[in-house]
Amino acid sequence: MSSLSYERLHQNLRDLKLNGVEEILDSYLEIAAKNEIPVLEILDHLIDQEKKRRESHLFETRMKWSRLPVRKELDDFDFDFQPSIDQTVIRDLTTLRFLHNAENVVFLGPPGVGKTHLAIGLGITAIKAGFSAYFISASNLIERMMKAYRHENLDQYLKMLARYRVLLIDEIGYHPFDAEAGYCFFQLISRRYERSSTILTSNKSYGEWGEIFHDQVIATAILDRLLHHCITVNIRGDSYRLKERKRMGLTPPLQKG
Ligand SMILES: Nc1ncnc2c1ncn2[C@@H]1O[C@H](COP(=O)(O)OP(=O)(O)OP(=O)(O)O)[C@@H](O)[C@H]1O
Ligand SMILES: [Mg+2]
């Protein structure tokens, strides 16, 4: 190859933003020449590497946007420890059919049973498949919605949240919703209803949601929309945190009284 063609090839690769190909081109062409690799295979390898690089870049960008607090995958989940979870339901969720059908997913159960872990794992599965996701704790959501409401830009904030194909709201029930926050939350759920999926975690059973919102009417209206197309995973079992404390030889904190 003449030095002119070589220069032009590199320049074209840069112009076309085929940075992955450009990066490995020289070393791979050397290997290909030594091993007499056919041209078709060379092209296939170079384009395949470019595609993988782009996919990985997109995945990392979507992961950053999602604000997921940790990377907990479904493969890291020990289902033997939590036998109350029907694994076929989780396997079905990983097909992401629920996303295509704009169904919601709710993980219910006491502290430490893996609700957040499973929600995040499902979020990562969706991101890997090319969907956008956004994670927020209920207390942070209340704070953000109330701020937007007071500044008269709730609509804008809800529009921003509506852009995500998957919205993960963690820890419903640890923080009470006052009347205004309940109204904002109702708006959010109504907007996403039958359009896109919301994944929630809560330590409270549906029957106790009236207490979270201090208002049975708004709680019923929220649940009505949320549960119309919804998969509920009810987890009953021991806290994994407690198991880890025991494994490390630490006893649980003494109960008062
Ligand atoms: N079955 C499991 N296999 C592996 N790790 C688990 C399992 N269950 C929980 N964990 C881990 O234990 C910790 C607590 O789990 P997680 O945060 O998901 O609990 P939670 O149900 O959301 O609790 P909380 O209601 O207190 O928020 C996390 O580090 C999580 O990765
Ligand atoms: Mg949690």
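In this report, we go over the structure that sits alongside the text. This one's a predicted model, so the numbers in the text were calculated from it and none came from an experiment. (Residues numbered from 1 in each chain as written. Chains lettered and ligands numbered in written order. Predicted model: local features only at pLDDT ≥ 70, side-chain atom pairs only at ≥ 80, totals over all residues. Heavy atoms only, no water.)

## Some details on the overall build of the chain
Note the threshold: Helix and strand labels come from DSSP, where a helix needs a run of H or I of at least four residues and a strand needs a run of E of at least two; each type is numbered from the N terminus. Radius of gyration here is computed from C-alpha atoms only, and the compact-globule reference equals 2.2 Å multiplied by the residue count raised to the power 0.38. Each residue is assigned to one of three classes by its accessible area relative to the maximum for its type, calculated with a 1.4 Å probe on protein chains only: buried under 20%, partly exposed between the two thresholds, exposed over 50%. Here a residue-residue contact requires only that any non-hydrogen atoms of the pair lie within 4.5 Å. Every accessible area reported is derived by Shrake-Rupley at a probe size of 1.4 Å, with residue values counting cover from the shown protein chains alone. We count Lys and Arg on the positive side and Asp and Glu on the negative side, and we leave His and both chain ends out. All charge positions are set by atom: Lys at NZ, Arg at CZ, Asp at CG, Glu at CD.
Looking only at helices and strands, one finds 12 helices and 5 strands in the chain. The C-alpha atoms of the chain give a radius of gyration of 24 Å, which is well past the 18 Å a tight globule of 257 residues would have. Its C-alpha atoms put the chain at 80 × 50 × 30 Å along the principal axes. A burial count over the chain gives 41% of its 257 residues as buried. Sequence separation of 24 or more characterises 77% of the internal contacts of the chain that already satisfy a separation of 6 or more. Carbon and sulfur atoms form 52% of the exposed surface of the chain, whose accessible area is close to 15300 Å². For the chain, the centre of its 35 positive side-chain charges and the centre of its 35 negative side-chain charges are spaced 4 Å apart.

## Considering the packing of aromatic side chains
Convention followed: Here a pair means two rings of Phe, Tyr or Trp (six-membered ring of Trp) with centres within 6.5 Å. Their orientation is stacked below 30 degrees between planes, edge-to-face above 60, and tilted elsewhere.
The full count for this structure, using the stated rule, is 9 aromatic pairs. Look at tryptophan 209 and phenylalanine 213: their rings are 6.3 Å apart centre to centre, the planes differ by 45 degrees, and that puts the pair in the tilted class. Taken together, the residues span about one helical turn, with tryptophan 209 and phenylalanine 213 both in helix H10 (residues 209-213) at a distance of 4 residues. Both residues of the pair, tryptophan 209 and phenylalanine 213, belong to the buried class. Ring-pair connections join several aromatic residues into one group, and the members of that group are Phe177, Phe185, Tyr206, Trp209 and Phe213.

## Notes on the packing of helix H7 (residues 138-150) against helix H9 (residues 179-192)
To be explicit about the condition: Between N-to-C directions, angles cover 0 to 180 degrees, with each direction set by a line fitted to C-alpha atoms, over the stretch in contact for helices. Here the word oblique covers every angle except those under 35 degrees (roughly parallel), over 145 (roughly antiparallel) and from 65 to 115 (roughly perpendicular). Polarity classes work like this: nonpolar for Ala, Val, Leu, Ile, Met, Phe, Trp, Tyr, Cys and Pro, charged for Asp, Glu, Lys and Arg, and polar for all others, with Gly in that last group.
The contact between H7 and H9 brings their axes to 10 Å, and the two run at 95 degrees. As summarised for this structure, H7 and H9 are arranged roughly perpendicular, according to the angle between their axes. Here Leu141, Ile142, Met145, Met146 and Tyr149 of H7 lie close against H9, whose contacting residues are Glu180, Ala181, Tyr183, Cys184, Phe185 and Leu188. Tallied by class, the residues present in the contact of H7 with H9 amount to 10 nonpolar, no polar and 1 charged.

## Concerning the sheet that holds strand E3 (residues 166-172)
The test is simple: Two strands qualify as a pair provided DSSP detects at least 2 bridges between them.
Ordered by their spatial adjacency, 5 strands build an open sheet running E2-E3-E4-E1-E5, and the pairing between neighbours is parallel. Each edge of the open sheet carries a strand with a single partner, namely strand E2 (133-137) and strand E5 (230-234). On average, each strand axis in the sheet is tilted by 15 degrees relative to the strand beside it, whichever way the strands run. Here strand E1 (residues 104-108) runs beside strand E4 (residues 197-202); their pairing, made up of 4 bridges, is parallel. Bridge pairing in E4 places leucine 108 opposite serine 202.

This is a description of form; function is not addressed.
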